[in-house]
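As a plain string of letters, each chain reads:
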Amino acid sequence: MKLFNQTSKRLSTQPLYTNRRRRKLNMGETIGLAWSSLLANKLRSILTMLGIIIGIAAVIAMVTIGRGAQAQTERQLKSLGSNLLFVQSGVALTGSPASQGAGSATTLTWEDAQAIASTCTSVSATAPVLNVRAQVVRSELNTNTFIVGTTPEFVQVRDFLPLTGRFFNQADVEQVARVAVLGQTVVGNLGLTADNAVGQTIRIQGEEFFIIGTMEYKGSSQFRDQDDQVMIPITTIASRIVGVNSLQGISVNNISVSAKSPEEMDAAQFQITNLLRLRHQIVPPRSDDFIVRNQADLVSASNAVSRIFTALLGGSAAISLVVGGIGIMNIMFVSVSERTREIGIRRAIGARSSDILWQFLIESIVLSLSGGVLGIILGVTTSSLINLALGWQIGVALDSILISLSVCLGIGIFFGAYPARKAARLTPIAALRSD
Amino acid sequence: MIQLKEIVKTYRLGEVSVPVLRGIDLIIDRGEYTAIMGASGSGKSTLMNIIGCLERPTSGGYWLNGQDITQLSDDELADIRNYQIGFVFQQFNLLPRLNALENVMLPMVYAGYSKIERQQRAEEVLVQVGLSDRMTNRPSQLSGGQQQRVAIARALVNHPELLLADEPTGALDTKTSHEVMDLITTLNQQGITALIVTHELDIARQTRRIIQLQDGLIQQSDTSFNHDLGTRTK
Ligand SMILES: Nc1ncnc2c1ncn2[C@@H]1O[C@H](COP(=O)(O)OP(=O)(O)OP(=O)(O)O)[C@@H](O)[C@H]1O
Ligand SMILES: [Mg+2]
């Protein structure tokens, strides 16, 4: 009795707290409760999160790589020159801008290029290109490269300027001059530098050429390494290197066209198509023997590749997230049956079934979101490494992080709902009886 | 305070129905101190669970403080368990991951008290049950008697008017059994209505009224014997 004597006075006093209507459970505390129960099973929680971690990391990496590839493509296309259109020889296969036939037959001529430049009002300049792969020799060094026969407009149309020396001019073309302008890769391969190349001589298919200039660095595009080519006058390549003079004049592989402005690209394309149909006497049912492609076509062709890549990554991310979600559902079921007695105790002392529902739902959401945060960390790290390796400057977009977090929230709710409902539906006495 | 009228509880095991309570009529007044006795399987726990709003009767009427319990929703029953009734179990039923203080605070969490209010009140009750120096111990770091006192503190924390204890001393040795019973007796003396289930006549004799249950029916409701509470504990 001694034990209670000292406290009996207190017990008899009026209660400090009267029975009151219950309030809603504090969300912060429920989250804290979920945390502590996840921390109580650290390894299990981490393993459960793995699917989410990998899935989210893949999403972040996917978005970063996708954007990087797109930016890269756009940069490369821009380097080809602004407002650029390509006219290529060949028969267009239906709906396929990248048809195999393009450029294989030579139906275009230099005269076509001149006609386009003089007739089409939306065109500012054209540069015909007749090219061939050939061996270029300087003393004991040689390199296999592209010989591009063109006109002085090439500089303007391709937005490609000489670095040292000069590009050939109209007089060089008229005189069928044996002059060459070298890309920097060729300069290097022939043991020269941009500064000492001008004035040297090289041999192309046995013909001697005088180097009058070198081109600025352009970098490689997925179309061609633009530094690995040698530019010579179109008349020279036609008469000395290739020699495919058709009845209409000098045949060319393609014609680069620059439209007057980006807005006039479509008009230019229309005018060129009409003009060439006229010149080539194409009337139905004959189909066009040329293809006019704009940059958008090229962008979409190259984007298709990165889109497939993105879709693959996205697919594996989605599978990983679903598997992760199922893992969470599974572990939540385990958690509910492990803690059935706890549920019974909580119900017995006054928890409503909705309190139990929230407890387990929040736990599942916390589990999923924690996985998401770890996945974001992993994804950002991976993306930074990819950026570093490929020399891209693509930051991880904030929206991809926000999307990831909302996806995790969704997964936590979706896959946690059923186990939580199971927990909430237990009757107090059934839950208490379990062991 | 408690009014039971023809309470019937029948469990259904597949095709067969097992009648456990077969028509219980019982009135318990405010401040009473009552023991329920009876053979194993006679339905004592079932009756306690119904009175404690953990289960619903199959049929019959139950009024607690004049309120018709059978008409209440599950959430309302949860609220009644939360602050009108304190339930003490034979197996203590403390949450193993929480310490004594946190276990005692738990009913207040569901009542919506703030953290400070909870802490203050839980400490107060733990002092009342004589555990002022064991507040941060987990159940595994407490003896059986101490665990049961934590459970009693938890039952008291929301100021219930009714204390239900289903074999509160069933898992304890004789000495700690008496300590726990002394605590319940003291609480009853201070005004709480107490109802306990026990197998031991020695324990039951500390109450003022003994109800004998047999095969789901009240056999005897005995208040004639004389309890001399003072003499034994002196
Ligand atoms: N959920 C249930 N389903 C079926 N039968 C049950 C259920 N709960 C209890 N019973 C049966 O009801 C009867 C009474 O059980 P109860 O637990 O009330 O007895 P008790 O008097 O408390 O026994 P003890 O003294 O052993 O604790 C027993 O025969 C038991 O098998
Ligand atoms: Mg029992």
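Scroll up to find the structure this text is about.
Residues numbered from 1 in each chain as written. Chains lettered and ligands numbered in written order. Predicted model: local features only at pLDDT ≥ 70, side-chain atom pairs only at ≥ 80, totals over all residues. Heavy atoms only, no water.

## What about the nonpolar core?
The tendency in soluble globular proteins is for nonpolar side chains to be buried side by side. We apply this condition: Put simply, buried Ala, Val, Leu, Ile, Met, Phe, Trp, Tyr and Cys residues joined by side-chain atoms within 4.5 Å make one nonpolar core. Whether a residue is buried, partly exposed or exposed follows from its accessible area with a 1.4 Å probe, protein chains only, as a fraction of its type maximum: under 20%, in between, or over 50%, in that order. By the criteria applied, helices consist of DSSP H or I runs no shorter than four residues and strands consist of E runs no shorter than two, each listed in order from the N terminus. In this description, contact between two residues means that some pair of their heavy atoms is separated by no more than 4.5 Å.
With 79 residues, the main nonpolar core has Ile2, Leu4, Ile51 and Tyr62 of chain B as its most contacted residues. Counting residues per element, this core draws most heavily on helix H3 (residues 42–79) of chain A, at 11 residues. Setting aside chain neighbours within four positions, we find Ile2 of chain B in contact with Leu26, Ile27, Ile28, Ile51, Tyr62, Trp63, Leu64 and Leu162 of chain B. With 62 residues, the next largest nonpolar core counts Val187, Ile202, Ile212 and Met231 of chain A among its residues.

## Description of the packing of aromatic side chains
Basically, it comes down to this: Pairing of aromatic rings covers Phe, Tyr and Trp, the last through its six-membered ring, and needs centres within 6.5 Å; plane angles under 30 degrees mean stacked, over 60 mean edge-to-face, and all others mean tilted.
Going through the model one piece at a time under the given rule, you end up with six aromatic pairs over all chains. On the numbers, 6.4 Å between centres and 50 degrees between planes, the contact of Phe154 of chain A with Phe160 of chain A is tilted. By the burial criterion, Phe154 of chain A is buried, and Phe160 of chain A matches it. Ring centres of Phe87 of chain B and Phe89 of chain B lie 4.8 Å apart, and the angle between their planes is 25 degrees; on these two criteria the pair is classed as stacked. Three or more aromatic residues joined by ring pairs make a cluster, and in this case those are Phe154, Phe160, Phe167 and Phe168 of chain A.

## A closer look at the environment of Leu313 of chain A
Residue and element names in this part refer to chain A. Summarising the element assignment, Leu313 is placed in helix H11 (residues 295–338). Leu313 sits in the buried class, given a relative accessible area of 18%. Linking Leu313 and Arg339, residues 26 residues apart in sequence, is a C-alpha distance of 38 Å. The contacts of Leu313, once residues within four sequence positions are left out, are Ala58, Met62 and Ile65.

## Some remarks on the site of ligand 1
Cut-off, in case you're wondering: Being near a molecule or strand, for a residue, comes down to having at least one heavy atom within 4 Å of it. Contacts described as polar in this section are N or O atom pairs within 3.5 Å, which, within protein, must combine one atom able to donate a hydrogen with one able to accept it, while residues neighboring in sequence count only if both atoms come from side chains. Methods summary: accessible areas were calculated by the Shrake-Rupley approach with a probe of 1.4 Å, and residue burial reflects only the protein chains presented. Any residue that is not Ala, Val, Leu, Ile, Met, Phe, Trp, Tyr, Cys, Pro, Asp, Glu, Lys or Arg is counted as polar, Gly included; the first ten are nonpolar and the last four charged.
The immediate surroundings of ligand 1 are formed by 14 residues, with Ser40, Gly41, Lys44, Ser45 and Thr46 of chain B found nearest. In this structure ligand 1 sits where residues from chains A and B come together. For ligand 1, an oxygen atom lies 3.4 Å from a polar atom in the side chain of Glu167 of chain B. His199 of chain B has a polar side-chain atom sitting 3.1 Å from an oxygen atom of ligand 1. Here ligand 1 loses 66% of its free accessible area of 630 Å² to cover by the protein chains. Contributing elements (two or more residues each) for the shell around ligand 1: strand S1 (2–13) and helix H1 (44–51) of chain B. The greatest single-element share of the shell around ligand 1, amounting to three residues, is contributed by H1 of chain B. Taken together, the residues of the shell around ligand 1 sort by class into four nonpolar, seven polar and three charged.

## Regarding the pairing of strand S13 (residues 290–294) of chain A
Both faces of the sheet carry side chains from a regular strand, because those side chains alternate between them. Residues and elements named next belong to chain A. Selection criterion: One bridge is not enough; two strands pair if DSSP finds at least two bridges between them.
Among the five residues of S13, five are classified as buried, and the element is accordingly described as predominantly covered. What you see with S13 is no split at all: Phe290, Val292 and Asn294 on one side and Ile291 and Arg293 on the other are buried throughout. Here five bridges tie strand S1 (residues 84–89) to S13, and the two strands are oriented antiparallel to one another. Residue Gln88 lies in a different strand from S13, and its bridge partner there is Ile291.

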